[in-house]
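Remarks on the overall topology
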Amino acid sequence: MKIAVLPGDGIGTEIVAEAVKVLNALELPLELESALVGGAAYEVHGHPLPDATLKLAKEADAVLFGAVGDWKYDKLDRPLRPEQAILGLRKNLGLFANFRPAICYEQLVGASSLKPDLIAGLDILIIRELTGDIYFGQPRGRRIATDGNFPGTEEAFDTMRYSRPEIERIAHVAFQAARKRSRRVTSVDKANVLETFQFWREIVTEVGMQYPDVALDHMYVDNAAMQLVRAPKKFDVLVTGNMFGDILSDEAAMLTGSIGMLPSASLNSSNQGLYEPSHGSAPDIAGKGIANPLATILSAAMMLRFSLNQEEAAQRVETAVKTVLARGLRTADIFSPGTTQVSTVEMGTAVVKAL
Ligand code: IPM
Ligand code: MG
């Protein structure tokens, strides 16, 4: 089983190192190979996603990804920015289905900014379409406006678009995931304003007819953003487009009070996947040894489950993480009085020991 390890920037290198430690401790026939990505790759190769890195990722069964980005690249042209690495990997590997669970760990209820009873036991799954929408729609660019509010002036534009097969396949993913949970799907759109999302709603409804055992409802994205902070436990599976999914998944992650704990998986149609923590590269704390490696370790567990077919090993890792939390070990982001603060490396070592 071949794994491409792409640590990236900021805290990426520190947290991925701990996940690698955990993978190595499993004594499975895993072949790990690392490469540069994001700003780190730009520094050395002048491009955030060098050909060799893309090739390694394509040939692997799975990609373990840290995070990319740093303020120091803010002035770069868009094609050279670190973010293009993750977008390029998603597009080139066809990773259209993004799973972003938001789970509130019992021991971390107090870390949320919401009242404990609103989020205790929270377990929702956001399924975000990842290779379409306004992120990738063409045409895009800049030009002199010929119409609009200020004709004759400079303007920029992006195109929001979804094709029928793109919507159908992500809808199937959502309904199938719901079958393994409480059989409820909320499709999030903006059908009251956008043609693209009127189309989205129609097609999700059509696909839903093939899943009579799963309850489907539709919600506008602004309302969904509100319901997520009002009564998040009312949701089970949320399915939405690339842009809305980007925003709502950050919101949902923070509800749990523990963005440092949340893994994610991005899969293509042959179950090849990229696994990364839901959080970013956090340049403000990079190199300090205080980042929480658990989201990356849990992403490695998802990788074992979805792409490598190692359910038992996945569960071992997840149980080890719970054990470590139950022992009261906490990195700074989830620390509370009465628990023991540990470094990134100490946390990784504790998970290995629990294994
Ligand atoms: C995410 C990130 C990316 C996105 C960025 C880094 C391009 O915010 O994975 O949610 O917008 O998809
Ligand atoms: Mg995001």
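Above: the structure in question.
So, here's what we can say about the structure. All of these numbers come straight from a predicted model, not from anything done at the bench.

So, about the overall build of the protein. When its secondary structure is counted, the protein shows twelve helices and 14 strands. Here the protein has a C-alpha radius of gyration of 20 Å; the compact-globule value for 355 residues is 20 Å, and the two agree. Across its three principal directions, the C-alpha atoms of the protein cover 60 × 50 × 40 Å. Across the protein, every contact between residues at least 6 apart in sequence was considered, and the portion connecting residues at least 24 apart equals 75%. Element-wise, carbon and sulfur atoms account for 52% of the exposed surface of the protein, whose accessible area totals about 15800 Å². On the protein, the mean spot of the 36 positive side-chain charges and the mean spot of the 43 negative ones are 3 Å from each other.

Time to look at the packing of aromatic side chains. Two numbers describe a pair of aromatic rings. These are the distance of the centres and the angle of the planes. Inspection of the entire model under this criterion finds seven aromatic pairs. Ring geometry for Tyr162 against Trp200: centres 5.3 Å apart, planes inclined by 50°, an arrangement best described as tilted. On the criterion of sequence distance, the pair formed by Tyr162 in the loop between strand 7 (154–157) and helix 6 (164–179) and Trp200 in helix 7 (residues 195–208) is long-range, its members being 38 residues apart. Take Tyr162 and Trp200: they sit in the same class, and that class is buried. Put simply, the rings of Tyr162, Phe197, Trp200 and Phe244 touch in pairs and so form one group of aromatic residues.

Reading the values: rules and limits
- Numbers given for residues are sequential positions, taken from 1 along each chain in its written order.
- Here the convention is simple: chains get letters from A, ligands get numbers from 1, in the order in which they are written.
- Reporting in this predicted model follows two pLDDT cut-offs: at least 70 for local features of residues, and 80 or more for side-chain atom pairs to be given and counted; totals over whole chains, interfaces and linings ignore these cut-offs and use all residues.
- Note: side-chain values were computed over all heavy atoms of the structure, leaving out hydrogens and water.
- Secondary structure elements are taken from DSSP: a helix is a run of H or I of four residues or more, a strand is a run of E of two residues or more, and numbering for both begins at the N terminus.
- Taken over C-alpha atoms, the radius of gyration is set against a globule rule of 2.2 Å times the number of residues to the power 0.38.
- The contact criterion used is simple: two residues touch if any of their non-hydrogen atoms lie within 4.5 Å.
- Here the accessible surface of atoms and residues is derived via Shrake-Rupley with a 1.4 Å probe, and residues count as covered only by protein chains that are part of the display.
- Neither His nor the chain ends is counted toward charge; the positive residues are Lys and Arg and the negative residues Asp and Glu.
- Working definition for charges: the position is that of NZ of Lys, CZ of Arg, CG of Asp or CD of Glu.
- Any Phe, Tyr or Trp ring, taking Trp's six-membered ring, that has another such ring centre within 6.5 Å forms a pair; planes under 30 degrees apart are called stacked, those over 60 apart edge-to-face, and the others tilted.
- Relative accessibility under 20% of the residue-type maximum defines a buried residue, over 50% an exposed one, and the middle range a partly exposed one, all with a 1.4 Å probe and only protein chains included.

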